[in-house]
Structure formats: C-alpha cells, structure tokens
Amino acid sequence: MLIGVGLGPGSPELLTLKAVETLKKSHKVYVPGRLAADLVAPYAKAEILDFPMLTDYNVLNEIWTKNAELIAEEARHNLVSFGLIGDPNFFSTFTHLKRVMNRLYPDIETSTIPGISSITSFASRADVEIDASFEVSDGSQKGYKIVLKATRPLEIIGSMKNEGYKRFMFAQRLFMEDEVIIKELEDIPEKGNYFSIVFGQK
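Worth saying up front: this structure is predicted, and the values here are computed from it rather than measured.

The number of helices and strands found in the chain is six helices and nine strands. Against the globule reference of 17 Å for 202 residues, the chain gives a C-alpha radius of gyration of 18 Å, in line with a compact fold. Excluding contacts between residues fewer than 6 apart, the proportion of contacts in the chain whose partners are at least 24 apart in sequence is 65%. If you sum the accessible surface of the chain, you get close to 12800 Å²; carbon and sulfur atoms cover 52% of it.

Below is the structure:
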C-alpha cells in the first residue's frame, strides 16, 4: 500500500498525529526533496526521489514511471509512505505519482493523509479571515469546484451542471464515525447537513 502523507507547510510542529503515526510504522518512506526529508527525519529515514520542475511532459512521464516502478517493488507487499510538503491532494507531486501508480500498478492500493495546506497556512500567518466563497488558482483553467454546507446537494449539482461540471461526489461528516462518501450521482441524497460537501469536476 502507498500512502501520500501531508507534512504541512514546513514547521515540524504542524505535522498531524496521523502523519507521525504512519511515518513511524512505514516499511519505507520516500520524499521529493530535502525539506520533506528533514521533517520526516525524527520518525523515519527517508529516500529522496528526483521530481524536477520541468514542462516537457514526455520527460516528466519517464521520471514518474521510473519512480513508480521503484515504489511499486516496496508497496506491493509493505506499507510505503510518500511524504510531501502541504497536502497530497492539492497541487501536489503525489497527485501525478498516484495517477501513474494507479495506471501501471492497479493492484497496489493508494490513499492519502491530509496535511495543512498553503491555503490555510497563508490565512493563519497573514491573519486573514475568510468567511465567504473564495477562489484558489495556480493560473491553470478551472476544473474543479467544492461546495461546503451542501444541505441541498441535488440542487447544487443541477447548478454545477449548467457551469459545465460533469462528475460529482457527495461527502458528509468526513473523518467522523458516521462518515458518508458517495461517488455515484444516482445515490446522492436530496438533503445534506452542515457538514456536507459537494465536489464537481469538469
């Protein structure tokens, strides 16, 4: 199994308990750079893999494939972690690695442990309060939308369809005992609660 472990914004004090626990029990830990290796060091010895910041997709794909092959040898029979700065699901090296792993090695399970992202880190350090809808962009075309407090999920999905979104998920009470995650549109309920989220992808 391969787990993408979010290490937070760079402070050793901002790793989650779950991240520390997973790093300690991992058979092998990989990281994409020295800063991540330093954060992991108190809990595990990490191997740094090369993920250069290039724009040539063919070269990048070769590198991702090579790294995926290396990780697959360990992850097929052991717990392997990939530790990275921030959160593994937002603008992350792990996203690309996970896609290659799922394509080449579908027998190896992958999952993630969230970390404090640059988005929430910024709000904290800049003393910014956000209590209305906001947009996050890296300059690329918008392809996702997340709606919080989705008490009327089907109505929200109807509006999102008009905006060009095609794939939807519904989640409620995440990481709580009665957590709900629905990935099939026909199974999404008409009503949600305060802790409900609708996710849309173009």
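Turning our eyes to something else, we now look at the sheet that holds strand β7 (residues 167-172). Spatial ordering of the open sheet is given by β6-β9-β7-β8, a layout of four strands whose pairing is antiparallel. Among the strands making up the open sheet, the edge pair consists of β6 (144-148) and β8 (180-182). Neighbour-to-neighbour, the strand axes of the sheet open up by a mean angle of 15°, direction not taken into account. Across five bridges, the pairing between β6 and strand β9 (residues 196-201) is antiparallel. Note on β9: the bridge partner recorded for Y144 is Q201. Seen against the sheet, helix α6 (residues 153-162) touches β6, β7 and β9 and runs at an angle of roughly 20° to β9.

This paragraph deals with the packing of aromatic side chains. Enumeration according to the criterion identifies four aromatic pairs in this entry. On the basis of an interplanar angle of 35° and a centroid distance of 6.0 Å, the ring pair of F82 and F94 is categorised as tilted. Residue F82 is found in strand β4 (residues 80-84), and its partner F94 is found in helix α4 (residues 93-104); the two are separated by 12 residues along the sequence. Here F82 and F94 have matching classes, each one buried. Ring centres of Y194 and F195 lie 5.3 Å apart, and the angle between their planes is 85°; this geometry places the pair in the edge-to-face category. Overall, Y194 belongs to the exposed group, its relative accessible area being 54%. Exposure remark for F195: the relative accessible area of 40% places this residue in the partly exposed category. Here the aromatic residues F51, F82 and F94 are joined through ring pairs into a cluster of three or more.

Inspection of every chain in the model, using the stated rule, returns seven salt bridges. Where K25 meets E21, a salt bridge forms, and the shortest distance between an N and an O atom there is 3.9 Å. One end of the pair, K25, and the other, E21, are both in helix α1 (residues 17-25), four residues apart, so they sit about a helical turn from each other. Residue classification places E21 among the partly exposed residues on the basis of a relative accessible area of 39%.

Further remarks concern a nonpolar patch on the surface. Together, F90, F91, F122, V128, I130, F134, V136, I146 and L148 give the surface a local cluster of nonpolar side chains, amounting to about 900 Å² of exposed area. With respect to the secondary-structure elements, V136 resides in the loop between α5 (118-125) and β6.

Criteria and cut-off values
- Residues numbered from 1 in each chain as written.
- Predicted model: local features only at pLDDT ≥ 70, side-chain atom pairs only at ≥ 80, totals over all residues.
- Heavy atoms only, no water.
- Helix = DSSP H or I, 4+ residues; strand = E, 2+ residues; numbered from the N terminus.
- Rg over C-alpha atoms; globule rule 2.2 N^0.38 Å.
- Contact = heavy atoms within 4.5 Å.
- Areas by Shrake-Rupley, 256 points an atom, 1.4 Å probe, with all protein chains shown as cover.
- Pairing = 2+ DSSP bridges.
- Axes fitted to C-alpha atoms, helices over the stretch in contact; angles between N-to-C directions.
- Phe/Tyr/Trp six-rings, centres within 6.5 Å; stacked < 30°, edge-to-face > 60°.
- Buried < 20%, exposed > 50% of the residue type's maximum accessible area, 1.4 Å probe, protein only.
- Salt bridge = Lys/Arg side-chain N within 4 Å of Asp/Glu carboxyl O.
- Patch = residues over 30% accessible without salt bridge, like charges linked within 9 Å, V, L, I, M, F, W, Y side chains within 5 Å.

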